[in-house]
Amino acid sequence: MNVIKDYLGSLFDQEFLLTGLKTALIVGSLLFLINHGSALFRGEMNRERWISVFLSYLMPYLVNVYGQYAYRRKLSKSQHHHNGG
């Protein structure tokens, strides 16, 4: 359970924030255009679509931060192991 708590805390870690936001902006925008672009241009966006748009930006952020968190955790364990810990 500690891993989940640590990951949730890492979602707001300044070290991960900028990369996560950049990824969310780029990947989320591509997903938005692919999945909802035509509906937006036709004026057919509704509440459910906007929720999906939100998730299209949120998921890349969550995945990116998890990747950064997992890598840092792996490095930390590796360094701890090599230093006789």
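Owing to the predicted nature of the structure, the values given are computational and were not obtained by experimental measurement.

Q: Describe the pattern of salt bridges, naming the residues involved and giving the relevant values.
A: Inspection of the entire model under this criterion finds 3 salt bridges. Two residues, arginine 72 and glutamate 15, come together in a salt bridge whose shortest N-O distance is 2.7 Å. Of the two residues, arginine 72 is situated in helix α3 (residues 47-82) and glutamate 15 in helix α2 (residues 14-41); the sequence distance between them amounts to 57 residues. The partly exposed category is assigned to arginine 72, whose relative accessible area is 34%. A relative accessible area of 51% places glutamate 15 in the exposed class. The residue glutamate 44 makes a salt bridge to arginine 42 at a minimum N-O spacing of 2.9 Å. Residue classification places glutamate 44 among the partly exposed positions, given a relative accessible area of 41%.

Rules and cut-offs
Residues numbered from 1 in each chain as written. Predicted model: local features only at pLDDT ≥ 70, side-chain atom pairs only at ≥ 80, totals over all residues. Heavy atoms only, no water. Salt bridge = Lys/Arg side-chain N within 4 Å of Asp/Glu carboxyl O. Helix = DSSP H or I, 4+ residues; strand = E, 2+ residues; numbered from the N terminus. Buried < 20%, exposed > 50% of the residue type's maximum accessible area, 1.4 Å probe, protein only.

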